[in-house]
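# Residue-level structure breakdown
So you can see what is in the structure, the chains are spelled out below.
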Amino acid sequence: MRKLKKKAMVFISIITLSLFTPSVMFANYPVFDVSNWLAAIDRFYQNYDMVMNTYTQIENQIKTIQHAVEVAKGIDWENIRWDGDFDIRNDIRDANKRVNKLLTQVNKIKKAITTPTINCGNVKYSIADLAGCTTSDTWESRKNMLTAVQDYQYFMTNNMKEAVNGLENGLDEKQKKAIWRKYGISPSNYIYIQQATTLVADAASKAVNEATEEAKKLKAEEREARKNAILEAAMENVDSDGNPTQAGVGQATMFLTDQMIDELGKLGYSIDEMNAQIGAYLIKQENEKIAQQDEDAQQREIESKQNATVSSRFKKEE
């Protein structure tokens, strides 16, 4: 069963790779610079923290509104007479349903961010994983955006060589030389990096977009909630000084939802920026590996010549 699943995954991945044509395969990776690398990491982590902090504020404020509704439910409405057919108990029941709906919706935002949906070959990541915010027992099992790209690159190297070779063969000589000249690595190594960074960035973008859509739905639910008389009173309640009480948080919640939608957009941009920096970092590593291999080859050649020279001096004369 596992083998069939693995074969299916490889097959789907190969189809995904085949969708890339040589004309659209060239990513514009920057020249690696440590300061830019650290700045990109910092922005990515900051944007993630801002999203999650806003999520916590929204959740707490909705729970505050829920508390106000619970207080209203505790009043003995049975002993209060009402003129006409209006019964405030109906509004209370409706308010309770709407608040529960708001909490469910805000939890969907968190789920979109924390659920591992980014397939990196044999490992799945969440946006939280990419930001390095999930715990691991060992240093080796840590997760972040770099390890996500490396995991997928490793998976490709072991399972998708034919697909990569097909892409490489699809490049003409001019394109191959352009890769060597610009990045200093072989076309095949470039393809591994390009495909890995592209897949992770695209999958991460889908997860962020899903969270954004859930935030937009939350905003719509908040508008609907304000049609309920009990919730409207709870959201706009003020004290004697004119300041919002614990229950008067409706406008603040809607403001925070707008803020979250904006922050999710910034998170998406920072993921793209981080992705470009990771590509540059991996290309740098390949350059260093090639340089080390050349240096080792030269050293072996020098040693070989030295051994040949020394041995000739000690040849026995016939």
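Given the structure is predicted, the values throughout are model-derived calculations rather than measurements. (Residues numbered from 1 in each chain as written. Predicted model: local features only at pLDDT ≥ 70, side-chain atom pairs only at ≥ 80, totals over all residues. Heavy atoms only, no water.)

### Regarding the nonpolar core
Test applied: Here the nonpolar core consists of buried residues drawn from Ala, Val, Leu, Ile, Met, Phe, Trp, Tyr and Cys, with membership extended through side-chain atoms lying within 4.5 Å. Categorising residues by exposure relies on relative accessible area from a 1.4 Å probe, with only protein chains included: less than 20% of the type maximum marks a residue as buried, more than 50% marks it as exposed, and the intermediate range marks it as partly exposed. Secondary structure is summarised from DSSP: a helix means a run of H or I of at least four residues, a strand means a run of E of at least two, and numbering begins at the N terminus for each. Two residues form a contact once any of their heavy atoms are found within 4.5 Å.
Counting 71 residues, the largest nonpolar core has Ile113, Ile127, Leu130, Leu264 and Leu267 as its most contacted members. The element contributing the most residues to this core is helix H8 (residues 187-225), with 14 residues. Setting aside residues no more than four positions away along its own chain, leucine 267 makes contact with Phe44, Asn47, Tyr48, Val51, Ile127 and Val208.

### A word on the packing of helix H5 (residues 145-159) against H8
Definition in use: Axis definition: a line fitted to C-alpha atoms, over the contacting stretch in the case of helices. Angles run 0 to 180 degrees between N-to-C directions. Orientation is classified from the angle alone, with under 35 degrees giving roughly parallel, over 145 giving roughly antiparallel, 65 to 115 giving roughly perpendicular, and any other angle giving oblique. Left-handed describes a crossing whose near helix is turned anticlockwise from the far helix through less than a right angle; right-handed describes the clockwise counterpart. Any residue that is not Ala, Val, Leu, Ile, Met, Phe, Trp, Tyr, Cys, Pro, Asp, Glu, Lys or Arg is counted as polar, Gly included; the first ten are nonpolar and the last four charged.
Look at H5 against H8: their axes get within 9 Å of each other, and the N-to-C directions meet at 125°. Relative to H8, H5 is oriented oblique. Crossing of H5 against H8: the hand is right-handed. Residue-level contacts link Met145, Ala148, Val149, Tyr152, Gln153, Met156 and Thr157 of H5 to Ile191, Tyr192, Ile193, Gln195, Ala196, Thr197, Leu199 and Val200 of H8. Here the contact of H5 with H8 is built from residues that sort into 11 nonpolar, four polar and no charged.

### Here's the deal with the pattern of salt bridges
A side chain with one charge may pair with a side chain of the opposite charge, provided their charged atoms come close. This is how the line gets drawn: By definition here, a salt bridge exists when the distance from a side-chain nitrogen of Lys or Arg to a carboxyl oxygen of Asp or Glu is within 4 Å.
Under the definition given, this model contains 12 salt bridges. A salt bridge links lysine 216 to glutamate 213; the shortest N-O distance between them is 3.8 Å. Of the two residues, lysine 216 and glutamate 213 are both situated in helix H8; the distance of three residues between them amounts to about one turn of the helix. Of the residues examined, lysine 216 reaches a relative accessible area of 42% and is grouped as partly exposed. Residue glutamate 213 is classed as partly exposed on the basis of its relative accessible area of 41%.

### Examining the packing of helix H6 (residues 161-169) against H8
Contact geometry of H6 with H8 gives a least axis separation of 9 Å together with a crossing angle of 115°. When the axes of H6 and H8 are compared, the pair comes out roughly perpendicular. In the crossing of H6 with H8, the sense of the turn from one axis to the other is right-handed. Between H6 and H8, the residues in contact are Lys161, Val164, Leu167 and Glu168 and Pro187, Ser188, Ile191, Tyr192 and Gln195, respectively. Looking at the contact of H6 with H8 residue by residue, the class counts come to five nonpolar, two polar and two charged.

On their own, these measurements won't tell you what the molecule is for.
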